[in-house]
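Chain and residue survey
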Amino acid sequence: MEKTLAYKPQNAWENADAKTRKEMEALAVRYMDFLTHCKTERETVEYVRQRLAEHGYTEDFTADRVMRPMRGKAIFAARRGTLPLKQGLALIAAHTDTPRLDFKQRPLIEQPGGAQAKTHYYGGIRKYQWLARPLALHGVVVRGDGSVLEVTIGEKAGEPVFCIADLLPHLAQKQAAQTVSDAFEAEKLNIILGHSPKAAGKGKKEDAPKEAIKTQLLEILNKKYGITEEDLITAELQAVPAGPARFVGFDKALVGGYGQDDRICVFTALEALLEAEATGRSMAVIFWDKEEIGSDGATGAASRFLQYCVEDLTRAWAPDVLASRVFMETRALSADVQAALDPDFQEVHEKQNAAQMGYGPCFSKFTGSRGKYGASEADAEFFGALRNLYNSKSIPWQAAELGRVDHGGGGTVALFLAAYGMHVIDLGPAVLSMHSPFELASCADLHATVRAYRAFLESDIQI
């Protein structure tokens, strides 16, 4: 047969036999359980830590399988390979955070009809999407005695949920004429926590507390959880969509759920690490926090956390090798999602260079926006080596940019990895309805991404 010269992405469903489709569904079920129970960076990192511990990973860096959590919000793990460490690592990096609503430092207010929590949105969200939907509270509260209370309220049957009220259409004529940014104000993203006031008791009516609903709420919090209002000042509480991840569609070919950007890459990278055979470079994963707001802070990609981990790993595994050499020889995947071609808004994409769900993980040769400002751009040699690797193993892949030129763009952690001199490229599945409370991903892409990450970890890519 004559070899075609044209390029055509491979649909991951087309060559999936009955056995493979069962594997896809089983993997998707486990993935949905992960999404359902890991809605914050702390919960995600703890899940990763537990899975690593079950597979023999330890915080003793003299061992062959090591891990290091960082303040419950980031984690590094590495596994010794057959090649010497001076040949670098096969590294996959993803992020654990996702857009959400954070409680303000002094959150509690009373307004007509209820007690509310003031919030400060985190990351790039569209504010109207948080209105009139059930919300759950996740996070930690440090009490006055120093004890830490882990909070998850609104996920179990019978537990209350919380919400932000929306303005009814009858009174929203002015709002309907405004731009989206003007119509939905950040300071009005106030979460309803309670409605009933504290009774005045047997005394006079004027003896009732001035803020009776807030007082009643504080008494409930103190009685049930041992929390005072001052404890909330130092707490980390996040409002996230309540409820489980679900299959979407009659064919159950899609997974719908909150936080798939970028927890789908955390899940698939971890699966790949735990399944991979140590046949090449030493392999590693790092899952950072704060990507959605610039990657700053002690647990973000701009921190020195990766550097310190690799330096300690080098001292333990190859004391005669400089950590700088390990970095320079490392091959890395910046594991982050790509925007899927939106069937109802195709005009915002340039279709030939748009990612499609069901066609495998997507390479993004460069990130940034407009004239490639803020970009990390992969070298052709590394991209070509990965392309040949996946073609040789019949792993579907595609290539895309995030939206039309001058209309789209975005950033990932790739530029922070590139700063060390390593070869790096973005690779992750396409997600539809990204940065919304209910994102969609293909079960075929989930399966193909695990295969792609595993093949990368097991390979000895020469450039």
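Quick note: structure is the one above.
The paragraphs below set out a description of the structure included in this document. (Residues numbered from 1 in each chain as written. Predicted model: local features only at pLDDT ≥ 70, side-chain atom pairs only at ≥ 80, totals over all residues. Heavy atoms only, no water.)

Re the packing of helix H1 (residues 18-37) against helix H7 (residues 260-275)
The cut-off we apply is this: Convention adopted: a line fitted to C-alpha atoms gives each axis, helices being fitted over their contacting stretch, and angles between N-to-C directions are expressed from 0 to 180 degrees. Starting at the N terminus, helices and strands are each numbered in turn, a helix being any DSSP run of H or I of at least four residues and a strand any DSSP run of E of at least two. Each angle gets one of four labels, with under 35 degrees taken as roughly parallel, over 145 as roughly antiparallel, 65 to 115 as roughly perpendicular, and the rest as oblique. Here a crossing is taken to be left-handed if its near helix is turned anticlockwise relative to the far helix by less than a right angle, and right-handed if that turn runs clockwise. By definition in these notes, contact holds between two residues if any of their heavy atoms fall within 4.5 Å. The classification used treats Ala, Val, Leu, Ile, Met, Phe, Trp, Tyr, Cys and Pro as nonpolar, Asp, Glu, Lys and Arg as charged, and all other residues, Gly among them, as polar.
Between H1 and H7, the shortest axis-to-axis distance is 11 Å and the interhelical angle comes to 125 degrees. It follows that H1 is oblique to H7 by the angle criterion. In this structure, H1 crosses over H7, and the sense of that crossing is right-handed. Between H1 and H7, the contacting residues are Leu27, Arg30, Tyr31, Phe34 and Leu35 on the first element and Gln260, Arg263, Ile264, Val266, Phe267 and Glu271 on the second. For the contact of H1 with H7, the residue count by class is 7 nonpolar, 1 polar and 3 charged.

Details of the side chain of Thr299
Here is the rule: Here's how the labels work: a residue is buried when its accessible area is under 20% of the maximum for its type, exposed when over 50%, partly exposed in between, all with a 1.4 Å probe on protein chains only.
Checked against the element boundaries, Thr299 lands in the loop between strand S12 (282-288) and helix H8 (305-317). Note on Thr299: relative accessible area 5%, which makes it buried. Apart from residues no more than four positions distant in its own chain, Thr299 is found in contact with Met70, Arg71, Lys73, Ala74, Trp288, Asp289 and Lys290.

A look at the pattern of salt bridges
Let me state the cut-off plainly: Whenever Lys or Arg places a side-chain nitrogen within 4 Å of a carboxyl oxygen from Asp or Glu, that contact is recorded as a salt bridge.
Enumeration over the complete set of coordinates arrives at 27 salt bridges. The partner of Asp102 in a salt bridge is Arg100, with the nearest N and O atoms 2.6 Å apart. Arg100 shares its class with Asp102; the two are buried. A salt bridge links Glu187 to Lys104; the nearest nitrogen and oxygen atoms lie 3.0 Å apart. A residue pair is termed long-range when its members are at least 10 positions apart, and Glu187 in the loop between helix H4 (180-183) and strand S8 (191-194) and Lys104 in strand S4 (residues 100-111) qualify at 83 residues. You can call Glu187 partly exposed: its relative accessible area is 43%. A relative accessible area of 26% places Lys104 in the partly exposed class. Three or more residues are tied together by salt bridges with common partners; here these are Arg30, Arg51 and Glu271.

Some remarks on the nonpolar core
Quick reminder of the rule: Think of a nonpolar core as a cluster: buried Ala, Val, Leu, Ile, Met, Phe, Trp, Tyr and Cys residues, connected wherever their side-chain atoms sit within 4.5 Å.
Counting residues in hydrophobic clusters, the biggest one holds 58 residues, and the most contacted among them are Leu52, Leu386, Tyr390 and Phe456. Here the element with the most residues in this core is H7; it accounts for 9 residues. Discounting chain neighbours no more than four positions away, the residues touching Leu386 are Leu333, Phe363, Ile425, Phe456 and Ile461. Counting residues in hydrophobic clusters, the runner-up holds 33 residues, among them Phe103, Leu149, Ile164 and Leu218.

Structural notes on the pairing of strand S1 (residues 65-70)
Residues in a regular strand point their side chains to alternate faces of the sheet. For clarity, the threshold we go by: By the convention used here, strands pair only if DSSP detects at least 2 bridges between them.
The pairing of S1 with strand S2 (residues 74-79) spans 6 bridges and is classified as antiparallel. Along S2, the bridge assignment pairs Val66 with Ala78. The loop that links S1 with its antiparallel partner S2 comprises 3 residues; one of these, Arg71, has a positive phi angle of about 55 degrees.

What to know about unusual backbone geometry
A cis geometry characterises the amide bond from Asp261 onward to Asp262, with omega recorded as 15 degrees. By the element assignment, Asp262 lies in helix H7. Phi angles above zero are rare outside glycine, and His435 is one such case at about 65 degrees.

What to know about the sheet that holds S12
The sheet built from 8 strands is open, its strands ordered S1-S2-S12-S3-S13-S19-S15-S17 with mixed pairing. The sheet is open, and its two edges are formed by S1 and strand S17 (398-399), each paired on a single side. Across 3 bridges, the pairing between strand S15 (residues 362-364) and strand S19 (residues 423-428) is antiparallel. Note on S19: the bridge partner recorded for Phe363 is Leu427. Where helix H2 (residues 41-54) meets the sheet, it contacts S1, S2 and S12, and its direction lies at approximately 25 degrees from that of S2. Contacting strand S13 (331-334), S15, S17 and S19, helix H10 (residues 380-392) crosses the sheet at an angle of about 45 degrees to S19.

Points about the pairing of S12
With 7 of 7 residues buried, S12 is to be regarded as a mostly interior element. Here S12 shows a buried face lined by Ser282, Ala284, Ile286 and Trp288 and a second buried face lined by Met283, Val285 and Phe287. Bridge analysis of S2 against S12 gives 5 bridges, and the strand direction is antiparallel. Pairing of Ile75 across the sheet is with Phe287, part of S12.

Examining the sheet that holds strand S10 (residues 246-248)
The 5 strands are arranged S10-S11-S21-S20-S14 in an open sheet whose pairing can be described as mixed. Whereas interior strands pair on both sides, the edge strands pair on one side only; in this sheet they are S10 and strand S14 (338-339). Taken together, the 2 bridges between strand S20 (residues 430-432) and strand S21 (residues 439-442) define a ladder with antiparallel strand orientation. Residue pairing across strands places Leu432 opposite Leu440, the latter belonging to S21. Contacting strand S11 (254-257) and S21, H7 runs over the sheet at an angle of about 35 degrees to S21. Each of S10, S11, S20 and S21 is contacted by helix H12 (residues 443-458), which is oriented at about 65 degrees to S21, the strand it contacts most.

As far as function goes, none of this settles anything; it's purely spatial.
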